Amino acid sequence: MYIWEQKVKWQNIVNINDVKYTEWSMNEKYRGKSAEIAKDMGAEKLGFHVEILEPKSYSCPYHFHHLEEELLIAFEGHATLRQNNELTEIKPGDIIHFKPGPEAAHQVYNHTDQPFKFFALSTMDYSEVCEYPDSKKIFVSRLKKVFQQGKDVPYLTDEENPEKYWPTK
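These remarks concern the structure in this document.

Reading guide: rules and limits
- Residues numbered from 1 in each chain as written.
- Predicted model: local features only at pLDDT ≥ 70, side-chain atom pairs only at ≥ 80, totals over all residues.
- Heavy atoms only, no water.
- Pairing = 2+ DSSP bridges.
- Helix = DSSP H or I, 4+ residues; strand = E, 2+ residues; numbered from the N terminus.
- Core = buried A, V, L, I, M, F, W, Y, C linked by side-chain atoms within 4.5 Å.
- Buried < 20%, exposed > 50% of the residue type's maximum accessible area, 1.4 Å probe, protein only.
- Contact = heavy atoms within 4.5 Å.
- Salt bridge = Lys/Arg side-chain N within 4 Å of Asp/Glu carboxyl O.
- 1 Å grid on protein atoms, 1.4 Å probe; cavity = no way out; pocket = protein on both sides within 12 Å on 5 of 7 lines; lining within 4 Å.
- Points joined across faces, edges and corners; volume = space filled by probe spheres on them.
- Nonpolar A, V, L, I, M, F, W, Y, C, P; charged D, E, K, R; others polar.

**Looking at the sheet that holds strand S8 (residues 86-90)**
One open sheet accounts for 4 strands, arranged S4-S10-S7-S8; its pairing is antiparallel. For this open sheet the edge positions go to strand S4 (57-58) and S8, each flanked by a neighbour on one side alone. Sheet analysis places strand S7 (residues 79-83) next to S8, joined by 5 bridges and oriented antiparallel. Bridge assignment links Leu81 to a residue of S8, and that residue is Thr88.

**Structural notes on the pairing of strand S2 (residues 30-35)**
The two faces of the sheet receive side chains in turn, since in a regular strand these alternate between them. In this structure, strand S1 (residues 22-27) lies alongside S2, joined through 5 bridges in antiparallel fashion. Each bridged residue has a counterpart across the sheet, and for Glu23 the counterpart in S2 is Lys33. The hairpin turn running from S1 into S2, its antiparallel successor, is 2 residues long. Relative to strand S3 (residues 46-53), S2 runs antiparallel, the two being bridged by 4 bridges. Considered in S3, the bridge of Lys33 is made with Ile52.

**A few points about the nonpolar core**
Of all hydrophobic cores here, the largest spans 19 residues; its most connected members are Ile90, Val108 and Phe116. Of all the elements in the fold, those that place two or more residues in this core are strand S6 (70-76), S7, strand S9 (95-98), strand S10 (106-110) and strand S11 (116-123). Considering every element that reaches this core, the biggest residue donor is S11, with 3 residues. Apart from residues lying up to four places away in sequence, Val108 is in contact with Leu53, Ser57, Tyr58, Ser59, Leu72, Ala79, Thr80, Leu81, Ile90 and Phe116. Residues Val19, Ala35, Ile37 and Val50 belong to the second largest nonpolar core, which totals 7 residues.

**A word on the pattern of salt bridges**
The full count for this structure, using the stated rule, is 8 salt bridges. Notably, a salt bridge pairs Asp134 with Arg82, separated by 2.8 Å at the nearest N-O pair. Taken as a pair, Asp134 in the loop between strand S12 (129-132) and strand S13 (137-140) and Arg82 in strand S7 lie far apart in primary sequence, 52 residues in all. In this structure, Lys91 engages Asp94 in a salt bridge whose closest nitrogen and oxygen atoms are separated by 3.2 Å.

**Some remarks on the layout of surface pockets**
Roughly 1300 Å³ of volume is contained in the largest pocket. At the level of secondary structure, the elements contributing two or more residues to the lining of the largest pocket comprise S1, helix H1 (37-41), S3, S6, S10, S11 and S12. The biggest single contributor to the lining of the largest pocket is S3, with 5 residues. Here the residues of the lining of the largest pocket sort into 22 nonpolar, 10 polar and 9 charged.

And the structure:
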């Protein structure tokens, strides 16, 4: 018997079809399901999860990172990517890399009536600062706080209705 034929369960191997999803919602505009694989596997320098974005929902507010890189791989469905204030459709098989900096500001919106399933990966940096250009907020990773004009504010402040910031065609 070859080693790959054995029924060994490794802690560092997860089958994407076997992950357990948890529903999440910040309000009616931001909702979906997420499998927090990185946490479950004990990752320390990488953050990664599989997400199912519900129809007519946003993944998170429009943002960019100062230190961290992100990678998105589309598995199922279609969505719209807002990147640097331009819109592009995402389809299964697309791999999208976001480098640090304002030119990589991004947000995903599921514009369809079907779920959008994707894998998201990011580097983790204790000193990360994330900016939200629409609401002029920053997130300071080390403090685990969001600030707007120097005041500690809730995460969705001024982004409860993200469509008002989207460019029109």
